[in-house]
Amino acid sequence: MSEKSKFSWLPVTTLSDGAELRLPLHVLKGDRPGPTLGLTALIHGDEPLPSVPIIRRVLELIDPAQLSGTVMALPVCNPVAAGVLARNSPLDGANLNAAFGESGEDATIQPVRTVSEQIAAVIIESFLPHLDYHIDFHAGDDGLAVHMIEFTDDPDSTAMARAFNMPILLRDEWGANQLWGASARLGAKVIVAECGGGGLLYDEWFERGVRGVFNVMRQLGMLPGEVEKPPRQYVVDNTHGHHRNLVLLRQREGGLLLPHPAINPRASFDGQPIEGAPYLAQLLNSYDLTVHETYETPFARTLMLAAAVGPAWRAAGDTVYILADADAAEVWE
Ligand SMILES: [Zn+2]
């Protein structure tokens, strides 16, 4: 990384092959005092793009003379899972983003912890306490793009979500076992940037992520300059007790997923409601060469929070769409 940011390792444990498990930490201090913003990625090991390049570019572009405060980045929170490009850890099968709970008072065999819990403990002890603000990056894969900012009804989280300037926002609640819940518990204001994927429109997603972080930093007063006005934003509510208008669509069978031509990558990147497509995608069985599944649009006007953006070879049970009813969403102009 650039010379202006300091790079070090946070030790976690020693693996059975003798390799040290450690987390990469980058710290960029501004010349002026101010808050600390944390950037994290790869808590799910299969989401490196565009998350990691966004963090690299942000650290590269910030001029310390212009920065009020500090940026701390953990580009790879889950090296064990990232090493095999898997969502969960191959060592304990766990989703690291469910390992951040507080240990129970009645625990009798502490401090015995799974590898994922050990990683979470290091992040809780050595990273999260420094943060005032936190952006956690997630992504899709080569065949799937995710596009939403998750936030809570905390005013600072809401302001950060708005300033990231993505067209779709998801109002949510952080689980106590999640990284986000632990971060908020320790005092940070948090948003989750579900930002694209590694396939089509990679460059645009990368640009959007970098611009989003910079605009949030201007909003927080960490960088000078005018805050860019957000586009029209659709706010989908996923909080407890609210009408849940989200549909998560998984394909039942594996095979070749062929999106309808109207569901092009640009349509999903723009984040505006999809209207009039007769269906979203079809699943072609590559053996008998017939269509086995057709995925319908569930609403008259559909927001795509995650979407298969091009033809792709996908496994049985994979997520192909996360959809919401545009007419049930709040609209922020
Ligand atoms: Zn994720």
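Residues numbered from 1 in each chain as written. Predicted model: local features only at pLDDT ≥ 70, side-chain atom pairs only at ≥ 80, totals over all residues. Heavy atoms only, no water.

**Topic: the domain arrangement of the chain**
In plain terms, the rule: Note that the domain bounds reflect an automated or database-derived domain assignment. The contact criterion used throughout is that any non-hydrogen atoms of two residues lie within 4.5 Å. Buried area, as used here, totals the accessible surface that two parts lose on assembly, with accessibility defined by a 1.4 Å probe and the loss added over both. A pair is scored as a salt bridge if a Lys or Arg side-chain nitrogen falls within 4 Å of a carboxyl oxygen belonging to Asp or Glu. Within 3.5 Å is the distance limit for a polar contact, defined as a pair of N or O atoms, with the added protein rule that one can donate a hydrogen and the other accept it, and that residues adjacent in sequence qualify only through two side-chain atoms. What counts as a helix is a DSSP run of H or I of at least four residues, what counts as a strand is a run of E of at least two, and both are numbered from the N terminus.
By the assigned domains, the chain splits into domain 1 (6-231) and domain 2 (246-332). Each of domain 1 and domain 2 was reduced to a C-alpha centroid, and the two centroids are 27 Å apart. With 21 residues of domain 1 in contact, the opposing surface of domain 2 contributes 22 residues. Carbon and sulfur atoms supply 65% of the area that domain 1 and domain 2 bury against each other, a total of about 1800 Å² over both sides. If you sort the residues of domain 1 by the area they bury against domain 2, Leu144, His147 and Ile168 come out on top, with a joint share of 27%. One salt bridge connects Glu330 with Arg171, and the closest N-O pair in it is separated by 3.0 Å. Linking domain 1 with domain 2 are 8 residue pairs in polar contact (both at pLDDT 80 or more). Where the side of domain 1 that touches domain 2 is concerned, the elements lending two or more residues are strand S6 (144-151), helix H4 (155-163), strand S7 (168-171) and helix H6 (202-219). The element that contributes the greatest number of residues to the side of domain 1 that touches domain 2 is S6, accounting for 6 residues.

**Quick word on the coordination of the zinc ion**
Heads up, the condition is: Listed donors are limited to N, O and S atoms within 2.8 Å of the metal, widened to 3.2 Å for Na, K and Ca; water is not among them, so incomplete-looking sites are possible. In this scheme the shape depends on donor count and angles: four donors with every angle between 85 and 135 degrees give tetrahedral, four or six donors with opposite pairs above 155 degrees and others between 65 and 115 give square planar or octahedral in turn, and any other case is irregular. Classification of residues uses two cut-offs on accessible area relative to the type maximum, computed with a 1.4 Å probe and protein chains only: under 20% is buried, over 50% is exposed, and between them is partly exposed.
Within the protein, His44 (ND1), Glu47 (OE), Glu47 (OE) and His138 (ND1) serve as the donor atoms for the zinc ion, at 2.0 to 2.3 Å. The site at the zinc ion holds 4 donor atoms, and with the angles between them running 57 to 144 degrees, its shape is irregular. Each donor residue of the zinc ion belongs to the same chain, with the gaps between them written as H-x2-E-x90-H. Here His44, found in the loop between strand S3 (32-40) and helix H1 (51-61), pairs with His138, found in strand S5 (residues 133-138); they are 94 residues apart in sequence, far enough to count as distant. There is no split in this pair, since His44 and His138 are both buried.

**Some points on the sheet that holds strand S11 (residues 255-259)**
This is how it is decided: Strands qualify as paired when DSSP identifies two bridges or more between them. Simply put, an axis is a line fit to the C-alpha atoms, just over the touching stretch for a helix, and the angle between two N-to-C directions goes from 0 to 180 degrees.
In space, the 4 strands of this open sheet follow the order S13-S12-S11-S15, with antiparallel pairing throughout. Of all the strands in the sheet, just strand S13 (291-295) and strand S15 (312-314) have a single pairing partner and so form its edges. Taking the axes of each pair of neighbouring strands and ignoring which way they run, one obtains an average angle of 30 degrees across the sheet.

**So, the pattern of salt bridges**
According to the stated counting rule, one finds 16 salt bridges in the structure shown. Across the pair Arg218 and Glu228 runs a salt bridge whose closest N-O atoms are separated by 3.5 Å. In this pair, Arg218 is assigned in helix H6 and Glu228 in the loop between H6 and strand S9 (233-237), connecting sequence segments 10 residues apart. Within this structure, Arg56, Arg57 and Glu60 form a network of salt bridges that share partners.

**Concerning the packing of H1 against H6**
The condition is simple: Every angle not falling under 35 degrees, over 145, or within 65 to 115 is termed oblique; those three ranges are roughly parallel, roughly antiparallel and roughly perpendicular. The handedness criterion is simple: a crossing whose near helix is rotated anticlockwise from the far helix by less than a right angle is left-handed, and one whose near helix is rotated clockwise is right-handed. Note on residue categories: nonpolar means Ala, Val, Leu, Ile, Met, Phe, Trp, Tyr, Cys or Pro, charged means Asp, Glu, Lys or Arg, and polar means any other residue, Gly included.
At a closest axis distance of 9 Å, the pairing of H1 and H6 adopts a crossing angle of 50 degrees. Looking at the two axes, H1 sits oblique to H6. For the element pair H1 and H6, the recorded crossing hand is right-handed. Counting all contacts with H1, which are made through Pro53, Ile54, Arg57, Val58 and Leu61, the residues of H6 involved are Tyr202, Trp205, Phe206, Gly209, Val210, Val213 and Phe214. Counted by class, the contact of H1 with H6 contains 10 nonpolar, 1 polar and 1 charged residues.

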